[in-house]
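Next come the chains, spelled out residue by residue.
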Amino acid sequence: MAKVGSSLMAIAEVKTSSCSAKATKRVAFQGLAPLLWFSFGTVAILLQEVLSVYPLLSPPSLTPEQSNRVCNALALLQCVASHPDTKILFAQARIPFYLYIFLGTIGESRPFEYLRLATLGVMGALVKVPDTRVIIFLLSSEIMPLCLRAMETGSALSRAVATFIVQKLLMDDVGLQYICYLPERVFAVNHALENVLASLAEQPSTRLLKHVIRCYLRFLDDGRSLWVLRNFLPKRLTDGTFDHCLREDQTARMWMQQLLDNLPGRPVTKEGGGI
Ligand code: TRP
C-alpha cells in the first residue's frame, strides 16, 4: 500500500511541477480520474494522506514538506472531482467533508495558504462543469460560509477561486434559490463580494472583477435579492474605481451596464467618469 501511495505521489509531483506541464498531462491522461477512483485502495490512501495532517492543523505546525505532500494528494483528488464520470461519485462519497477542515485553518504561513488554496481547487473542480446533484450536495454541506470566509480573508488566489465557486453555485437555479431564500444569505454574499472588490481596488484583476459582476447580474434573476442590491450594492462597483479594467474589457463593460440598467430605483453615481 505504501508503495502504491508513493508512486501516486510521484504522479502528483509530475502533475503539479509546472502549470503548462500540468495542463499537458491532464490532456494526455484523460483516464486518470476513473483509474484513481476505481482502482483498489487508491482513494483510501489519498484520504490517509489527508488525515495524516489533521494533528498538525491546531496548533498550526504544518511544515512546507508536509503541506506539499498533502497538496499533491489534493491535486489527485481534484482530478477525480473534475472528471464528469467521477465527480458525482466523489460527492456521493462525501469526500469534501474530509477537506473542509482545511478551509477553517487560521495558520497564516505559506504551507497553510497552499493547503487552503489546494482545497478550494478541489471544490472549484467540482463546480467547474456544473451538475445540479453536485451543487445540491455542496450547498447542503455548508460550503457557502467556507467560501465566503475565503473571499474575505484569503490570499488573492484563494479569493479568486472562492469567488469562482460562489459564482458557479449562483449560476445554478437551485443555488440561486438557496441563497435568495433568506435575505441574510444575500447580505452575506454581498458583503463577501464587497470585500473582494476592496482587494481588487488594491490589486486589480479584470478576470476576478468579471466573476464579481456575473454574481451580481445573476442575482437580478431572483426578485428577492433586489432590495439588498438596490440599497447595498458596493459603492466601488459604480464610483469609477474599476474604470480602467472596464475600459479594456468590452464584455465586462457590457455586463456592468446591464447590471446598472436592471437596477432601477438605484441612485447611480458615476463620479469617475462613468462607463
Ligand atoms: N446554515 C447557514 C444558512 O443556512 C449557512 C450560511 C452561512 C450561508 N452563511 C451563508 C448560506 C451565506 C448562504 C449564504 O444560512
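Located above this text is the structure these notes cover.
Sequence order sets the numbering: in each chain, residues are counted from 1 along the sequence as written. Whole-chain, interface and lining totals are the exception, using all residues; otherwise, since this is a predicted model, local features are given only for residues with pLDDT of at least 70 and side-chain atom pairs are given and counted only at 80 or more. Side-chain metrics rest on all non-hydrogen atoms present in the structure, leaving aside hydrogens and water.

Caption draft 1: Seen up close, the overall build of the chain. Only DSSP runs of H or I reaching four residues or more are called helices, and only runs of E reaching two or more are called strands; each is numbered from the N terminus. Summing up its helical and strand segments, the chain has 17 helices and zero strands in all. Of all 275 residues assigned to the chain, the portion counted as buried reaches 49%. Residues are treated as being in contact if the distance between any of their heavy atoms lies within 4.5 Å. For the chain, long-range pairs separated by at least 24 residues make up 73% of all intrachain contacts whose partners lie at least 6 apart in sequence. For every accessible area listed, the method is Shrake-Rupley and the probe measures 1.4 Å; residues are considered covered only by the protein chains on display. Of the roughly 13400 Å² that the chain leaves accessible, carbon and sulfur atoms contribute 57%. For every residue, the accessible area obtained with a 1.4 Å probe (protein chains only) is divided by the maximum for its type, and the residue is called buried under 20%, exposed over 50%, and partly exposed between those limits.

Caption draft 2: Here's a closer look at the site of the ligand. Lining the immediate environment of the ligand, one finds Glu-142, Met-144, Pro-145, Leu-148, Tyr-178, Arg-185 and Ala-188. Whenever two N or O atoms come within 3.5 Å, that pair is a polar contact, provided that in protein one can donate a hydrogen and the other can accept it, and provided that, for residues adjacent in sequence, both atoms are side-chain atoms. The contact in question runs from a nitrogen atom of the ligand to an N or O atom on the side chain of Glu-142, over 2.9 Å. At 2.5 Å from an oxygen atom of the ligand is found a side-chain nitrogen or oxygen belonging to Arg-185. Computed on the free molecule, the ligand has an accessible area of 350 Å², of which 73% lies beneath the protein chains in the complex. Listed by contribution, the elements that provide at least two residues to the shell around the ligand are α10 (143-153) and α13 (183-202). At three residues, the largest contribution of residues to the shell around the ligand is made by α10. As a working rule, the residues Ala, Val, Leu, Ile, Met, Phe, Trp, Tyr, Cys and Pro are called nonpolar, Asp, Glu, Lys and Arg charged, and the rest polar, with Gly in that last group. Here the residues of the shell around the ligand are counted per class, giving five nonpolar, no polar and two charged. What makes a residue near a molecule or strand is one non-hydrogen atom of that residue sitting within 4 Å of it.

Caption draft 3: Fine view of the packing of aromatic side chains. Two rings from Phe, Tyr or Trp (for Trp, the six-membered ring) form a pair when their centres sit within 6.5 Å of each other. Planes less than 30 degrees apart are called stacked, planes more than 60 degrees apart edge-to-face, and all others tilted. Tallied over the full model, the rule gives eight aromatic pairs. Measuring from centroid to centroid gives 5.7 Å for Phe-97 and Phe-137, while their planes differ by 85 degrees, and the two rings are edge-to-face. Here Phe-97 is found in helix α7 (residues 96-103), whereas its partner Phe-137 is found in helix α9 (residues 132-140), with 40 residues between them in sequence. Relative accessible area serves as the criterion here: at 44%, Phe-97 is assigned to the partly exposed category.

Caption draft 4: How the structure looks around unusual backbone geometry. Residue Pro-59 is bonded to the preceding Ser-58 through a cis peptide linkage, with omega at -5 degrees. Along the polypeptide, Pro-59 turns up in the loop between α4 (42-52) and α5 (64-82). Phi is positive for Arg-94, which is not a glycine, with a value near 60 degrees. Relative to the elements of secondary structure, Arg-94 occurs in the loop between α6 (87-92) and α7.

Caption draft 5: Region of interest: the environment of Gln-30. Along the chain, Gln-30 turns up in the loop between α2 (19-28) and α3 (32-38). Judged by its relative accessible area of 55%, Gln-30 falls in the exposed class.

Caption draft 6: Just the pattern of salt bridges, in detail. Any carboxyl oxygen of Asp or Glu within 4 Å of a side-chain nitrogen of Lys or Arg constitutes a salt bridge here. One pass over the full model with this rule turns up seven salt bridges. In this structure, Arg-69 and Glu-49 form a salt bridge, with 2.7 Å as the shortest nitrogen-oxygen distance. Of the two residues, Arg-69 is situated in helix α5 and Glu-49 in helix α4; the sequence distance between them amounts to 20 residues. Judged by its relative accessible area of 9%, Glu-49 falls in the buried class. As a salt-bridge pair, Asp-131 and Arg-133 come within 2.9 Å of each other at their nearest N and O atoms. Judged by its relative accessible area of 17%, Asp-131 falls in the buried class.

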